[in-house]
Amino acid sequence: MMMKDIENFAKQYVDFCEQQRALSKKTIAAYRGDLRQLCLFLKEKNADIDRDSIADFVAALNQRYQPRTVKRKLASIRAFFRWLTDAGELNEDPVKKLRLRMREPKTLPRTVPLRIIEGMLRFAYINASEGLTAYERKVALRDIAVMELLFATGMRVSELCNLNMKDVDLRSCTVMIYGKGAKERLLQIGNPQVILALRRYARDEGRRGDEPFFTNWSDGRMSDQAVRRTLRHYGRLVAPTMKITPHMIRHSFATLLLEADVDIRYIQRMLGHSSVVTTQIYTSVTDNKQKEILTDRHPRNRILSGDPVPEVYGTYCL
């Protein structure tokens, strides 16, 4: 296969992912960047498209990026060559039998303590109750609705920003979420205060069903960055040194439900994970919580406190 051919096929593959697989804009941008990087490497090295050249490319990535980033880029390349092979453009997938070991450090999801989430909401509600202009009131009600819905559902920030008016049914108290790969999931909103916050915001909006639920100052769709700025603003009021992100709220949603003994498969469904393996990262967080509980809060700590320990003979205390 000529270099020009692989560049053309890379473009076709990205178009396929965008139009037929309906992947998110961020995923499409990542695929495009990863494949462009691969094509540039092969072109500069004047390398053939085989297992050795792919191994050299991964080695070059390892010198520049963290293991997690290399793993993601390699996943993009694997998917591309699998697509090429299935389409009959390659006789053999050069990545299929490539064995690469990357020891990725285990990082636990960062969460926001419940008291900080409560403090952020408290400041937002106080802000909305003060004397405001019509525009300030609209923004205050929107900020409350954004934070309440993120925590109530654990949805991704992109999913939140993509909501339309018809997706949030305040009569049935449900929200239809369109996740990765055009997967849909319907979640119930069980808290009456969250419903009230959404109704107060939506009542002020009065838009058609196909229009954005959350809007910016010009009535366009609210952006991911605007949501992040909102969380940072209220987060600084409660915890000035903590940089709170939407994904941390999502992590908190999952870990707090797990700590409340909710089955992990229900949490998997609510988060929109295709595999429970992805959801199982939260069990590491709850294991740490379990250790803290058994160490610091176990009722055994409240008995015989300060008393001399009886002499033990075998398994009996005399």
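Preceding this paragraph is the structure being described.
Residues numbered from 1 in each chain as written. Predicted model: local features only at pLDDT ≥ 70, side-chain atom pairs only at ≥ 80, totals over all residues. Heavy atoms only, no water.

Peer 1: Where do I start with the pairing of strand 3 (residues 184-188) in this structure?
Peer 2: Successive residues of a regular strand alternate their side chains across the two faces of the sheet. Only one face of strand 3 is covered, namely the face carrying Arg185 and Leu187; the face carrying Glu184, Leu186 and Gln188 is uncovered. Here five bridges tie strand 2 (residues 174-178) to strand 3, and the two strands are oriented antiparallel to one another. Bridged to tyrosine 178 within strand 3 is glutamate 184. (Buried < 20%, exposed > 50% of the residue type's maximum accessible area, 1.4 Å probe, protein only. Helix = DSSP H or I, 4+ residues; strand = E, 2+ residues; numbered from the N terminus. Pairing = 2+ DSSP bridges.)

Peer 1: Even after reading the chapter, I still don't get the pairing of strand 2, so can you show me in this structure?
Peer 2: Examined bridge by bridge, strand 1 (residues 168-169) and strand 2 share two bridges and lie antiparallel to one another. The partner of aspartate 169 across the bridge, within strand 2, is threonine 174. Here strand 1 hands over to strand 2 after four residues, with cysteine 173 in that stretch at a positive phi of 60°.

Peer 1: Looking at this model, I keep getting lost on the sheet that holds strand 3. Mind explaining?
Peer 2: Think of a sheet as strands paired side by side through backbone hydrogen bonds, with each pair either parallel or antiparallel. Read from one edge to the other, the open sheet built from three strands follows the order 1-2-3, with strand pairing classed as antiparallel. Looking at which strands have only one partner, the edges of the open sheet turn out to be strand 1 and strand 3.

Peer 1: Where do I start with helix 10 (residues 246-259) in this structure?
Peer 2: Count 3.6 residues to each turn of an α-helix, and residues three or four apart come out pointing the same way. A rise of 1.5 Å per residue sets the reference length of helix 10, with its 14 residues, at 20 Å; its end C-alpha atoms lie 20 Å apart and thus fit the reference within 8%. Counted residue by residue, helix 10 has 10 buried out of 14 residues, so it is predominantly covered. Looking at helix 10, one finds that the buried residues are Pro246, Met248, Ile249, Arg250, His251, Ser252, Phe253, Ala254, Thr255 and Leu258. (Expected span 1.5 Å × (residues − 1).)

Peer 1: Which parts of the structure should I look at to understand helix 2 (residues 25-45)?
Peer 2: Compared with the 30 Å implied by 1.5 Å per residue over 21 residues, the 30 Å span of helix 2 between its first and last C-alpha is a close match. Positive backbone phi, approximately 50°, marks asparagine 46, located one or two places after helix 2.

Peer 1: Would you mind going over the pattern of salt bridges with me for this structure?
Peer 2: Oppositely charged side chains may form a pair once their charged atoms are brought near each other. Counted by the stated rule, this structure contains 11 salt bridges. In this structure, the salt-bridge partner of aspartate 143 is arginine 142, at a minimum N-O distance of 3.4 Å. Here the two residues aspartate 143 and arginine 142 agree in accessibility, since each one is buried. Where arginine 156 meets glutamate 159, a salt bridge forms, and the shortest distance between an N and an O atom there is 2.5 Å. (Salt bridge = Lys/Arg side-chain N within 4 Å of Asp/Glu carboxyl O.)

Peer 1: What's the story with the side chain of threonine 174 in this structure? I'm lost.
Peer 2: Take threonine 174: it is sitting in strand 2. Threonine 174 gets classed as buried once you look at its relative accessible area, which sits at 12%. Within the structure, threonine 174 has its side chain in polar contact with the side chain of serine 172 (distance 2.8 Å). Apart from residues no more than four positions distant in its own chain, threonine 174 is found in contact with Asp167, Val168, Asp169, Leu186, Leu187 and Gln188. (Polar contact = N/O pair within 3.5 Å; in protein donor to acceptor, adjacent residues only side chain to side chain. Contact = heavy atoms within 4.5 Å.)

Peer 1: Hey, could you run me through the environment of isoleucine 244 in this one?
Peer 2: Its location among the elements puts isoleucine 244 in the loop between helix 9 (224-238) and helix 10. Here isoleucine 244 falls in the buried class, since its relative accessible area comes to 2%. Separated by 134 residues in sequence, isoleucine 244 and arginine 110 place their C-alpha atoms 9.3 Å apart. The contacts of isoleucine 244, once residues within four sequence positions are left out, are Val112, Ile116, Met120, Leu231, Arg232, Gly235 and Ile249.

Peer 1: Whenever I open this one, unusual backbone geometry confuses me. Can you help?
Peer 2: Backbone geometry at cysteine 173 places phi at a positive 60°, although glycine is not the residue there. Relative to the helices and strands, cysteine 173 is located in the loop between strand 1 and strand 2.

Peer 1: What am I meant to see in the packing of aromatic side chains here?
Peer 2: Geometrically, a pair of aromatic rings is defined through the distance of the ring centres and the angle of the planes. Going through the model one piece at a time under the given rule, you end up with 11 aromatic pairs. Between tyrosine 13 and tryptophan 83, the ring centres sit 5.3 Å apart and the planes meet at 50°, which makes this aromatic pair tilted. Pair noted here: tyrosine 13 is in helix 1 (residues 3-19) and tryptophan 83 is in helix 4 (residues 67-86), with a separation of 70 residues, a long-range link. Connected via pairs of aromatic rings, a cluster forms that spans Tyr13, Phe16, Tyr31, Phe80, Phe81 and Trp83. (Phe/Tyr/Trp six-rings, centres within 6.5 Å; stacked < 30°, edge-to-face > 60°.)

Peer 1: Looking at this model, I keep getting lost on the nonpolar core. Mind explaining?
Peer 2: Nonpolar side chains tend to gather and get buried jointly when the protein is soluble and globular. By size, the foremost hydrophobic cluster in this structure holds 44 residues, and its most contacted members are Leu198, Phe213 and Phe214. In terms of residues, this core owes the most to one element, helix 6 (residues 134-153), which gives eight residues. For leucine 198, the contacting residues outside a window of four places in its chain are Ala145, Leu149, Val168, Leu170, Ile189 and Phe213. One finds Cys17, Val70, Leu74 and Ile77 within the second-largest nonpolar core, a separate group that totals 29 residues. (Core = buried A, V, L, I, M, F, W, Y, C linked by side-chain atoms within 4.5 Å.)

Peer 1: Can you help me understand the packing of helix 6 against helix 10 in this one?
Peer 2: With their axes 7 Å apart at the nearest point, helix 6 and helix 10 run at an angle of 40° to one another. It follows that helix 6 is oblique to helix 10 by the angle criterion. Judged by residue contacts, Leu150, Phe151, Ala152 and Thr153 of helix 6 engage Pro246, Ile249, Ser252, Phe253 and Leu256 from helix 10. (Axes fitted to C-alpha atoms, helices over the stretch in contact; angles between N-to-C directions. Parallel < 35°, antiparallel > 145°, perpendicular 65-115°, else oblique.)

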